[in-house]
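# Summary of the model geometry
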Amino acid sequence: MMNTSTFSMLRALPAEHRQRLMRIARDVSFPQGTRLFEEGARADRFWIVRTGTVALDMHVPGRRAAVIETLGHDELVGWSWLFAPHAWHLGAEATSPVRAYEFDAVAVRAMCQDDHALGHAVTQWVGDILAHRLHSARTRLLDLYAPYGSGSTL
């Protein structure tokens, strides 16, 4: 399985698109233990991690939230902002102090609407990450909750 750093914005987007996005980025910091978002809440922003780590978790009824993946340097935190209904599908928590670039989702979606090449590149980038994360979530949940030897992850 590929590491999500393979999907970094630096590698995925042409320089001109990265530069346009970075013009609207804000530097933010989160202390360890900060919840960035909760499942079901409005997805109105996303982040690129500069330093620190963020755990993506999934609510599991009757159990503690399952950590699906831990993200670090140069990785995208949040994809739900791009796809209607713009509600978070997972939760996220800073597992160490985090510094990140924060992007306003409405502004980025407007940029993508106005520049179809940018929109295509961003959609492809986020779609690739989404596919990877769905596979990771399935694998992790099978690891945690399926009886040993009950099936394959393929």
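Right above here is the structure, for reference.
Residues numbered from 1 in each chain as written. Predicted model: local features only at pLDDT ≥ 70, side-chain atom pairs only at ≥ 80, totals over all residues. Heavy atoms only, no water.

### Details of helix α2 (residues 15–22)
- Those residues of α2 that fall on the buried side of the exposure criterion are His 17, Arg 18 and Leu 21. Buried positions in α2, seen along its axis, are confined to an arc of 100° and lie on one side of it. (Buried < 20%, exposed > 50% of the residue type's maximum accessible area, 1.4 Å probe, protein only. Helix = DSSP H or I, 4+ residues; strand = E, 2+ residues; numbered from the N terminus. Arc of directions from axis to C-beta.)

### Things to note about the sheet that holds strand β5 (residues 66–71)
- Spatially, β2-β7-β4-β5 is the arrangement adopted by the 4 strands of the open sheet, whose pairing is antiparallel. Of all the strands in the sheet, the pair left with one neighbour each is β2 (35–37) and β5. Shown here is a sheet whose adjacent strand axes are inclined to one another by a mean of 30°, direction ignored.
- Bridging between strand β4 (residues 54–58) and strand β7 (residues 91–94) involves 4 bridges; their strand directions are antiparallel. Residue pairing across strands places Val 54 opposite Ala 94, the latter belonging to β7. (Pairing = 2+ DSSP bridges. Axes fitted to C-alpha atoms, helices over the stretch in contact; angles between N-to-C directions.)

### Describing the pairing of β4
- Within β4, 5 of the 5 residues are buried, which leaves it mostly tucked inside the rest of the structure.
- Side chains Val 54, Leu 56 and Met 58 of β4 all project onto a buried face; the interleaved residues Ala 55 and Asp 57 project onto the opposite face, where all are buried too.
- In the sheet, β4 pairs with β5 via 5 bridges, with the strands oriented antiparallel. Bridging from a neighbouring strand, Leu 56 pairs with Glu 69 of β5.

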